[in-house]
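# Chains, contacts and geometry: an overview
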Amino acid sequence: MKTDIEEDKLNKVFNYHQQTKHGFHRSAEGPGYLDWKNQPDPFRRYHGTQLISLPLETEIESSLYDLLYYPDGNLTQAFNLQTISCLLRHSMALSAWKQAGESRWALRVNPSSGNLHPTEAYLLSPALDSLSSTPMIAHYTPREHGLEKRCVLSNALWQLLTEDFTQPVFFLGISSIYWRESWKYGTRAYRYCHLDVGHALAAISLSAASLGWHCQILENCSAHQLRILLGLPDDYKDETEHPDCLIAITQTKIKRPVLSLPDQVIKQIALCDWQGEANQLSRSSISWDAINTIASACEKPATELTASTQVKTIEKTAQLFYSTLKAHSVIQQRRSAVAMDKQTDMQADQFYQLLSRLMPGQVETPFNVFISVARVQLIFFVHRVEGIKPGVYCLIRDPEVLTELKLLMKKEFVWKKPKTCPETLPLFCLIEGDVRSLSQQLSCQQEIAADGCFSLAMLSRFEKTLQQTGAWLYPQLYWECGTIGQVLYLEAEAMNLQGTGIGCFFDDPVHEFLGLQDINFQTLYHFTIGGALHDDRILTLPAYNISK
Ligand SMILES: Cc1cc2nc3c(=O)[nH]c(=O)nc-3n(C[C@H](O)[C@H](O)[C@H](O)COP(=O)(O)O)c2cc1C
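Residues numbered from 1 in each chain as written. Predicted model: local features only at pLDDT ≥ 70, side-chain atom pairs only at ≥ 80, totals over all residues. Heavy atoms only, no water.

Along its length, the protein carries 16 helices and 22 strands. The C-alpha radius of gyration of the protein comes to 22 Å, within 12% of the 24 Å expected for a compact globule of 548 residues. Principal-axis analysis of the C-alpha atoms places the extent of the protein at approximately 65 × 55 × 55 Å. Taking all 548 residues of the protein together, 61% fall into the buried category. Taking contacts inside the protein between residues at least 6 apart in sequence as the whole, the part at least 24 apart equals 81%. A total of about 22,000 Å² of accessible surface is found on the protein, and carbon and sulfur atoms cover 50% of it. Here the protein holds 49 positive side-chain charges and 59 negative ones, and the gap between their average locations is 2 Å. (Helix = DSSP H or I, 4+ residues; strand = E, 2+ residues; numbered from the N terminus. Rg over C-alpha atoms; globule rule 2.2 N^0.38 Å. Buried < 20%, exposed > 50% of the residue type's maximum accessible area, 1.4 Å probe, protein only. Contact = heavy atoms within 4.5 Å. Areas by Shrake-Rupley, 256 points an atom, 1.4 Å probe, with all protein chains shown as cover. Lys, Arg positive; Asp, Glu negative; His and termini not counted. Charge placed at Lys NZ, Arg CZ, Asp CG, Glu CD.)

Another aspect to go through is the site of the ligand. The ligand sits among 22 residues. The nearest are R334, R335, S336, Q446 and G501. Across the complex, the protein chains shield 84% of the 620 Å² of accessible surface that the ligand would expose by itself. Residue assignment for the shell around the ligand shows that the elements contributing at least two residues are β4 (103–108), α5 (189–210) and β19 (498–502). Here the residues of the shell around the ligand sort into eight nonpolar, ten polar and four charged. (Near = heavy atom within 4 Å. Nonpolar A, V, L, I, M, F, W, Y, C, P; charged D, E, K, R; others polar.)

Moving on, we get to helix α10 (residues 348–356). The buried fraction of α10 amounts to seven of the nine residues, a majority that puts the element mostly inside the structure. Among the residues of α10, those classed as buried are A348, F351, Y352, Q353, L354, L355 and S356.

To continue, consider the sheet that holds strand β2 (residues 50–53). Sheet architecture is open: seven strands sit in the order β2-β7-β6-β5-β8-β10-β9, paired in antiparallel fashion. Strands at the two margins of the open sheet, each flanked by one partner only, are β2 and β9 (214–217). Direction aside, the axes of adjacent strands within the sheet are offset by 30° on average. (Pairing = 2+ DSSP bridges. Axes fitted to C-alpha atoms, helices over the stretch in contact; angles between N-to-C directions.)

Examined at the domain level, the protein breaks down into domain 1 (44–98 + 109–276) and domain 2 (327–533). The C-alpha centroid of domain 2 is placed 28 Å from the C-alpha centroid of domain 1. Facing 45 residues of domain 1, the contacting portion of domain 2 comprises 38 residues. Of the roughly 3,800 Å² buried at the junction of domain 1 and domain 2 (both faces included), carbon and sulfur atoms supply 58%. Counting across the domain 1 and domain 2 interface gives four salt bridges. Where D507 meets R188, a salt bridge forms, and the shortest distance between an N and an O atom there is 3.0 Å. Here domain 1 and domain 2 share 26 residue pairs in polar contact (both at pLDDT 80 or more) between them. Those elements giving two or more residues to the side of domain 1 that touches domain 2 turn out to be α2 (81–89), β3 (94–100), α5, β9 and β10 (241–250). Ranked by residues supplied to the side of domain 1 that touches domain 2, first place goes to α5 with 15 residues. Across the side of domain 1 that touches domain 2, the residue classes break down as 26 nonpolar, eleven polar and eight charged. (Domains from an automatic or database assignment. Buried area = accessible area lost by both parts, 1.4 Å probe. Salt bridge = Lys/Arg side-chain N within 4 Å of Asp/Glu carboxyl O. Polar contact = N/O pair within 3.5 Å; in protein donor to acceptor, adjacent residues only side chain to side chain.)

Quick look at unusual backbone geometry now. In this model, T365 is joined to P366 through a cis peptide bond whose omega is -5°. Positioned with a positive phi, W415 is a non-glycine residue whose angle comes to about 50°. Inspection of the secondary structure assignment puts W415 in the loop between α11 (402–408) and β17 (427–432). Given the relative accessible area of 11%, W415 is considered buried.

For the coordinates displayed, the defined rule picks out one disulfide. For C444, the disulfide goes to C504, at an S-S distance of 2.3 Å. Linking C444 and C504, the disulfide has an S-S dihedral of approximately -90° and is accordingly described as left-handed. In this pair, C444 sits in the loop between α12 (436–442) and α13 (448–451) while C504 sits in the loop between β19 and α16 (507–514), placing the two residues 60 residues apart along the sequence. On the basis of relative accessible area, C504 is assigned to the partly exposed category, the value being 26%. (Disulfide = S-S within 2.5 Å.)

Where burial is concerned, most of β3 is hidden: six out of the seven residues are buried. Strand direction decides the pairing type here: β3 and β4, joined by six bridges, are antiparallel. In the strand pairing of β4, K98 is matched with W105. Judged from the three bridges that link them, β3 and strand β22 (residues 539–541) form a sheet pairing that is antiparallel. Note on β22: the bridge partner recorded for Q99 is L539.

For the pair helix α1 (residues 4–19) and helix α8 (residues 289–297), interaxial distance at closest approach is 9 Å and the crossing angle is 140°. As judged from the angle between their axes, α1 and α8 are oblique. Between α1 and α8 the crossing geometry is left-handed. Contact residues: K9, K12, V13, Y16 and Q19 in α1; A290, T293, I294 and A297 in α8. Among the residues forming the contact of α1 with α8, the class breakdown is five nonpolar, two polar and two charged. (Parallel < 35°, antiparallel > 145°, perpendicular 65-115°, else oblique. Left-handed = near helix turned anticlockwise from the far one by under 90°.)

Glancing now at the packing of helix α6 (residues 223–230) against helix α7 (residues 263–270). A pair of packed helices is captured by two measures, namely the crossing angle of their axes and the spacing between those axes. Look at α6 against α7: their axes get within 8 Å of each other, and the N-to-C directions meet at 40°. Comparing the axis directions of α6 and α7 gives the class oblique. For the crossing formed where α6 meets α7, the hand is left-handed. Mapping the contact onto sequence places Q225, I228 and L229 in α6 and D263, I266, I269 and A270 in α7. Tallied by class, the residues present in the contact of α6 with α7 amount to five nonpolar, one polar and one charged.

Two aromatic rings are characterised by how far apart their centres lie and by the angle between their planes. Under the counting rule described, the total for this entry stands at 28 aromatic pairs. For the ring pair F14 and F462, a centre distance of 6.1 Å and an interplane angle of 55° mean the geometry is tilted. With F14 in helix α1 and F462 in the loop between β18 (454–461) and α14 (463–469), this pair connects stretches of sequence that are 448 residues apart. Like F462, F14 is buried. Between F79 and F170 the ring centres are 4.8 Å apart and the planes differ by 90°, which places this aromatic pair in the edge-to-face class. You can see F79 sitting in the loop between β2 and α2 and its partner F170 sitting in strand β8 (residues 169–177), a full 91 residues away along the chain. Pairwise contacts between aromatic rings join F14, Y16, Y178, Y190, F462, Y474 and Y478 into one cluster. Residue placement shows R188 over the ring face of F505; its charged tip is 4.7 Å from the ring centre. We note K406 situated over the ring of F428; from NZ or CZ to the ring centre the distance is 5.9 Å. (Phe/Tyr/Trp six-rings, centres within 6.5 Å; stacked < 30°, edge-to-face > 60°. Lys NZ or Arg CZ within 6 Å of the ring centre and 35° of its normal.)

See the structure below:
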């Protein structure tokens, strides 16, 4: 039985979701114009803290790209300054500066809607060789590739905090500053921030895998606990950072599904001597009621382990498609395509291998960062894949929804497996034909959705999932989509193509095209992959060691 409060929160989620849909004739409410002078600073700093510089070059050799998806324990690195630097360098750091005329802007390893980067990262570490002589909580600063020491913990407190773990562990905490996105995108920004969280989670999980480490979100943590652990202020001012999740990083896979952090210890951490004051990001900020309301409705309570959140252990065999490619070079070269060339083809076997990397049952990383996933099915608009007829296809990531989707979607869909499709891939053709203009139209008329090899819509099981679990799961539906997006970005790079996340799409027209009438399934994110066109007028400069 749900309480009135839980019912009210769910209604707020459904209202927000409805209200922030883009349609052919109506867009989600935005600021109307861009107030450039007031653009939020993409770099958070804590004034008055000690900055620990992380080494940019390390001796650590990159694992093979393919092995990211199946960490096998052969390569496990120790926890120390070098390896933690390497983890952050290949997940949340800068990857380049770009320059056009007078303006210069930074790009990062993790992508972000509009390059606005609302996601912040924090390290919670034990005393580690050459990093810190005591356990500490520190804020990661991507521009400097450094750590701002915010709080020192005693060894005794660290031991109490991690007593549920039977092996060495450290944590990365993730938070979001919604104002960085709402400055440009208004009410829809909350969605984009959580897609960005999903990208960051996958970036961290894959970077950790390159060091032989395992990541798992501590799913039962409450936002209140997290806020304390990350040292975030407890208010809802417009520039406020909202805590998202805490990732436990270990050298061997955590066997127990949910590990908890003791409340008593968290209370003691709140009383520690916290250093530093967060910088102000813009002169003034606009308060979006819709965002404040959804953020408070989705505030994560402490939750118990339930039967539906058991870890599934599946035997996965490494598939080596790109035998010589190094993980770190693929990760560092990831870029969003701004335009596609309308001509590059992909081969059917490349397409199938990419799909296999999106199946939680067929790869280990990055989907193992969550305890339960596969709430998201994928609808492909195939344009240029040699050996596969153009048309609309559905990849079923959760076998349990197949029957339901067949019943709910249009009757004329054929649900036919392509002849060349491997046994192991539940891919179905729904309808054949040239769907380039359809796909462009549905993705807010963006040409990138039509001019590449394919685009896709990520269709999440929506109303029932939220009814069963609670409003707090809403952001996590976006995290799963962002995680899928990050794999798509890297896979595109590995095959010499490029991807682009598409947060701007017309929600209900997608559902109408599929024949979906209620909110049982909702599209939450789009993506495209193809041969990219490059703009030679934009200079690329190294991420670090340049004069600014
Ligand atoms: C959640 C999300 C939504 C995005 N939506 C769009 C979009 O609708 N159209 C577009 O051209 N690019 C979109 N992008 C690409 C971003 O603009 C791009 O990631 C950003 O400019 C940073 O560039 P980079 O990915 O090369 O680091 C999106 C990216 C993300 C992560």
